[in-house]
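Listed below, chain by chain, are the residues.
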Amino acid sequence: MRRSARDTEDSAKRINRRALLLGGGFGAMFAVLGARMRYLQVDQADQFRLLAEENRINIRLIPPNRGQIFDRNGKLIAGNEQNYRVVITREDAGDVDEVLHRLAGVIPLAPEVIEATLAETKRRSPFIPIIVADRMAWDDLSKVAINAPSLPGVTPEVGLSRSYPLDTDFAHVVGYVGPVSEADLAKLQNPDPLLQIPEFQIGKIGVETWMEDTLRGKAGSKRIEVNAFGRMMRELDRVEGEAGQDIRLTIDADVQNFAQARLGGESAAAVAIDVTNGDILAICSSPSFDPNLFVRGISYKDYSILTENDHRPLANKAVQGAYPPGSTFKMVTALAALEAGVISAETSVYCPGHYEMGGRRFHCWKRGGHGNVNLQKSLSESCDVYYYDVAQRVGIDKMAEMGKRLGLGQRHDLPMSAITEGVMPNKAWKQERYQQEWRIGDTINASIGQGYVLASPLQLAVMTARVASGRAISPRLVHSIGDRPVPAPEAPLLGIDGSKLRAVRDGMNAVMNSQHGTGRSARIADEQLAFAGKSGTSQVRNISAAERARGVISNDDLPWERRDHALFVGYGPYADPKVAVAVVVEHGGGGSSVAGPIVRDILLRCLTGGMPPLSAYPSSQRGRMETLLNGLQLRHTEPEVTAKSRA
């Protein structure tokens, strides 16, 4: 019994301790709840009263500043400029028609602008501001502010708008921005809420669209008090957003401007690539257009001028255009044959001016033929028959394999719109595409870059850079994002024997610098800057046997759209390759006479870091080149070429 009493006493003590602990815990909890209730009911009473009264607190997004785009040297390509504009809110305006006509008495407003604004105010919610006038002068904005009492619902605003200070030079590269459309939203599964903001602009083509997420930034927010109709009463607080990241491109704006100007009014494209790392130094398509027109809202008249131009200024020919590469493809055929071991550099083929195969005659461009031709002579004088013969030995599949190793028939990954893959055909490709067997004639045509073979100027520049370097150079357009450099793609060795590459390079050198080289007239006279190249002329029409018997009609006597395309590729200096350039002039005629001089001038601009010196040209050409170079429409960043540089 005694043990039982003690047990009972100990149990009671334990219960009392538990009760104290529980009581203390509940007491602490009630103290915390009481403090929280006091904070909510007393300290935050005004705040929650605002939230409770008809849900009057709205959260609105603040658009971030768009990231800017610069060239490799920090020159601004796409920026943001201060923009004065006037908006009208239907809820505050009352009679919108009357207010707009009053506004037209203060600042110039065309009748069609008033009509468009009225239509927009009816389509939008009554409390959403509608832009009436954009990109206004400060004086006009001041007039609106002074007359504000008589213009209910009209508000002058200061914002940012995209601007392209170098306009036509980078239109096809950087592209432009424009308002978000229903089509844009339909492409996205979970669109950024920013895209719902009226008149919010996003990239439409080029770098602006392919790097939209990087450039756009992140929205800020503000809490505003609104009345029961949704009208803003006051701003309660604001959280600033995160500006988009700046982007630096690999392009040199001065080289780009020179190349664009050098193409002149031709329907053409040019690409210059750093042979050592793949950096694109210039990538131009001509004619170009002013992207600022699209940002501000291009007129029907201006848009019609662009779309009806037969030189297609809106098309990016440098990456989108796919052309028969003509004789610029002969390096591919030669390397495929050398690699396969079916020829050596000294293998000789006799050219009588034509090649007989399967009862059909395939002609050389030189009617009387070239006689006995080895590899170097075949390139320097661009003998077609040599390649007809060699192609039969090596076959299309090995030619296609070599073409792809050199960058043809593949889409190079750049943040630009409509990049073509081109066509590097083989037997399987034709069977899949046309359900037809590959024919001997197809191989013959492909050997000189005709038939099914198609390549863009970008691909031809990559091909030239790979031949020059012996490495799988890949083009790079973005140099850095923010403060973070974008590494150049790896460029492993092509795996082509050095002696075989040298044989082809020697042939390209002979094109420019031998006595009978087809590109001799476009050579660089300065031996330290001398370059290697290859011309190409691709047909866009069939030449009948009757016409060939009479004599082939000169390009000058044909309508523009039926003339041959002129192509030229080159790299320099020959002894120490640094830059590769490819130029295509649509319906330009001869590659050596039309595209070759453009390649030479762009190479000189890249290699010398300034205007091409007259001393680099053959003496017989210096007077003409002085006039040509001084006549280029440059951005006044280059000194004038003078006779002093002749020496």
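Everything numeric here is computed off the predicted structure, so don't read it as measured data.

Parameters and conventions
- Residues numbered from 1 in each chain as written.
- Predicted model: local features only at pLDDT ≥ 70, side-chain atom pairs only at ≥ 80, totals over all residues.
- Heavy atoms only, no water.
- Salt bridge = Lys/Arg side-chain N within 4 Å of Asp/Glu carboxyl O.
- Helix = DSSP H or I, 4+ residues; strand = E, 2+ residues; numbered from the N terminus.
- Buried < 20%, exposed > 50% of the residue type's maximum accessible area, 1.4 Å probe, protein only.
- Polar contact = N/O pair within 3.5 Å; in protein donor to acceptor, adjacent residues only side chain to side chain.
- Contact = heavy atoms within 4.5 Å.
- Core = buried A, V, L, I, M, F, W, Y, C linked by side-chain atoms within 4.5 Å.

A. Up close: the pattern of salt bridges. Using the criterion set out here, one finds 23 salt bridges in the structure. Of the charged contacts, one joins R72 and D279 as a salt bridge, the two residues approaching to 3.5 Å between their closest N and O atoms. Of this pair, R72 sits in the loop between β2 (69–70) and β3 (76–88) while D279 sits in the loop between β11 (268–274) and β12 (280–286); the two residues are 207 residues apart in sequence, bridging distant segments of the chain. We classify D279 as buried; its relative accessible area is 1%. D184 is the salt-bridge partner of K204, the closest N and O atoms lying 2.5 Å from each other. With a gap of 20 residues between them, K204 in the loop between β7 (201–203) and α9 (206–210) and D184 in helix α8 (residues 182–186) connect regions that are remote in the sequence. Each of R66, R162, D192, E208, E212, D213 and R216 takes part in one network of salt bridges that share partners.

B. Looking closely at the side chain of Q256. Here Q256 shows up in helix α11 (residues 253–263). Judged by relative accessible area, which is 0%, Q256 ranks as buried. Separated by 2.9 Å, the side chain of Q256 and the backbone oxygen of D169 make a polar contact. A distance of 2.8 Å separates a polar side-chain atom of Q256 from the backbone nitrogen of I283. Those residues in contact with Q256 that sit more than four places away from it in its chain are D169, F170, V173, I251, L281, A282, I283 and C284.

C. View of unusual backbone geometry. Cis geometry is found at the peptide bond from S286 to P287, where omega equals -5°. Examined against the element boundaries, P287 turns out to sit in the loop between β12 and α12 (292–295). For the peptide bond that leads from G572 to P573, omega is -10°, which places it in the cis range. Along the chain, P573 falls in the loop between β20 (565–572) and β21 (579–585).

D. Here's a closer look at the nonpolar core. Counting residues in each nonpolar core, the largest one holds 136 residues, and the members touching the most others are L249, V583 and I602. Residue contributions to this core peak at eight residues, all from helix α21 (residues 457–469). Excluding residues that lie within four positions of it along the chain, I602 makes contacts with F258, A259, A270, A272, V581 and V583. With 21 residues, the next largest nonpolar core counts L109, I130, M136 and V154 among its residues.

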